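If you want the building blocks of each chain, they are given just below.
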Amino acid sequence: MRALRFHQFGAFDNLKVESVPDPRPAPGDVVVRVRAASLNPSDAKNVLGRMEGTTLPRTPGRDFAGVVVDGPTAMIGAEVWGTGGDVGFTRDGTHAELIAVPLGGVRPKPKNLTFEEAAAAGVNFVTAWIGLVEMAGFQAGETVLATGAAGGVGSAVTQIAKWKGGRTIGVDRTPMSPEREEAYGIDRSLVATANDGYQSMLDQVLGITQGKGVHVVYDCVGGPLFEPCLRTLCHLGRQVSIASAGDRRVTFDLVDFYHRRLRLFGMDSRAYDTEASAAVLEMLTPGFESGALKPMPVTRRFSLDEAQQAFTEVSDGAIHGKAVFAFATEGGGVDREPSLLL
């Protein structure tokens, strides 16, 4: 099979397409013919050597959707999706024509999603679900504030919150269109500016919540937004942090923190392997099949031969939406609906 490989860290020109033996399933594994695999910022950081624990040589890539071609007889031909914090780091990843994963690391692909759409969902929605639902314990009737709300995880957070009967405030660097607000399940969107120390953001949040604050903050930005986000929380509020833009060290008022009995959670999707991630995808499937949850739109498609360009664009933040490697079917076509062609 053809697979994208890198043997050392440091630059995207280390990525090469190689011919390697087809994977053979160990007991309890399945082999999936990959129809689409998305590119995440963490994939690019991995190649650059900015992710811990990666063993070389390695095939990158975390998210995938495809068809089972080897493994238990009952699984042959099944359309599946998957992701994981081990894939592309300690086991070969999804930027290849075939991938071997544990049987428990795949789930049936939502029936209404194309392979590309399913591949675009994995890391974003798994990260959002675990932080919002499993860690912060978000409940119907509560309000969540998501920073970086136009991004992959932020938009997944607001959609999941709406699906679970909550209220949503989305914060980003630039205004969002009404169409994007509706697509991402955002009740109110705010623009965060550092000019006033984010005081206007706090004032607006307090206005929206009648002075009470939000129940949960899901902070996808961190850095200078960390403390202002804490200040938007209500009594017994919870904050989830997954990133730190700029300076990785932050400060906050510890007395205020413990008087208001706030809780802070750190979420790292790398800690959840294919099997743990598949269990989350199973819980998310009804939301996708009902139309309540939607992956970010696929706006860029690449072949493996265009990998260096693809990784560069993802690393530079030049792609608005999701980028995928789209693999040809046996008939020579690519698995996507005609309506998705851009």
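Residues numbered from 1 in each chain as written. Predicted model: local features only at pLDDT ≥ 70, side-chain atom pairs only at ≥ 80, totals over all residues. Heavy atoms only, no water.

Asks: Can you lay out the packing of helix α3 (residues 122–135) against helix α4 (residues 152–163) for me, pointing to particular residues and giving the numbers?
Replies: Relative to each other, α3 and α4 sit at 55°, their axes nearing to 8 Å. Our classification of the angle between α3 and α4 gives oblique. You can see that α3 and α4 cross each other, and the crossing is right-handed. Packed against α3, whose contacting residues are Asn124, Phe125, Thr127, Ala128, Trp129, Leu132 and Val133, the element α4 presents Gly152, Val153, Ala156, Val157, Gln159, Ile160, Ala161 and Trp163 at the interface. Along the lines of polarity and charge, the residues of the contact of α3 with α4 split into 11 nonpolar, 4 polar and no charged. (Axes fitted to C-alpha atoms, helices over the stretch in contact; angles between N-to-C directions. Helix = DSSP H or I, 4+ residues; strand = E, 2+ residues; numbered from the N terminus. Parallel < 35°, antiparallel > 145°, perpendicular 65-115°, else oblique. Left-handed = near helix turned anticlockwise from the far one by under 90°. Contact = heavy atoms within 4.5 Å. Nonpolar A, V, L, I, M, F, W, Y, C, P; charged D, E, K, R; others polar.)

Asks: Could you give me a rundown of α4, with the residues and numbers involved?
Replies: Along an α-helix, residues three or four positions apart point the same way, because every turn accommodates 3.6 residues. Here α4 contains 12 residues, and its C-alpha end-to-end distance of 17 Å stays within 8% of the 16 Å for a straight helix at 1.5 Å per residue. The buried count for α4 comes to 10 of 12 residues, which makes it a mostly enclosed element. Within α4 the residues assigned to the buried category are Gly152, Val153, Gly154, Ser155, Ala156, Val157, Thr158, Gln159, Ile160 and Ala161. Where α4 is buried, its residues contact α3, β8 (143–147), β9 (167–172), α5 (178–183), β11 (214–219) and α9 (274–290). Of the residues flanking the end of α4, it is Gly165, one or two places downstream, whose phi is positive at about 85°. (Expected span 1.5 Å × (residues − 1). Buried < 20%, exposed > 50% of the residue type's maximum accessible area, 1.4 Å probe, protein only.)

Asks: Provide a residue-level description of a nonpolar patch on the surface, including the pertinent values.
Replies: A cluster of nonpolar side chains, contributed by Val250, Phe252, Leu254, Val255 and Tyr258, occupies part of the molecular surface with about 430 Å² of accessible area. Mapped onto the elements of the fold, Tyr258 is located in helix α8 (residues 254–259). (Patch = residues over 30% accessible without salt bridge, like charges linked within 9 Å, V, L, I, M, F, W, Y side chains within 5 Å. Areas by Shrake-Rupley, 256 points an atom, 1.4 Å probe, with all protein chains shown as cover. Salt bridge = Lys/Arg side-chain N within 4 Å of Asp/Glu carboxyl O.)

Asks: Which residues make up the sheet that holds β9, and what values do they have?
Replies: Reading across the sheet, the 6 strands line up as β10-β9-β8-β11-β12-β13 and stay open at both edges, with parallel pairing between neighbours. The strands lining the two open edges of the sheet, one partner per strand, are β10 (188–191) and β13 (263–266). The sheet shows a mean angle of 20° between the axes of neighbouring strands, direction not considered. Here strand β12 (residues 233–241) runs beside β13; their pairing, made up of 4 bridges, is parallel. Looking at the pairing, Val240 lines up with Phe265 of β13. Sitting on the sheet, α3 touches β8, β11, β12 and β13, and the angle it makes with β11 is about 150°. (Pairing = 2+ DSSP bridges.)

Coordinates in, geometry out; function isn't part of it.
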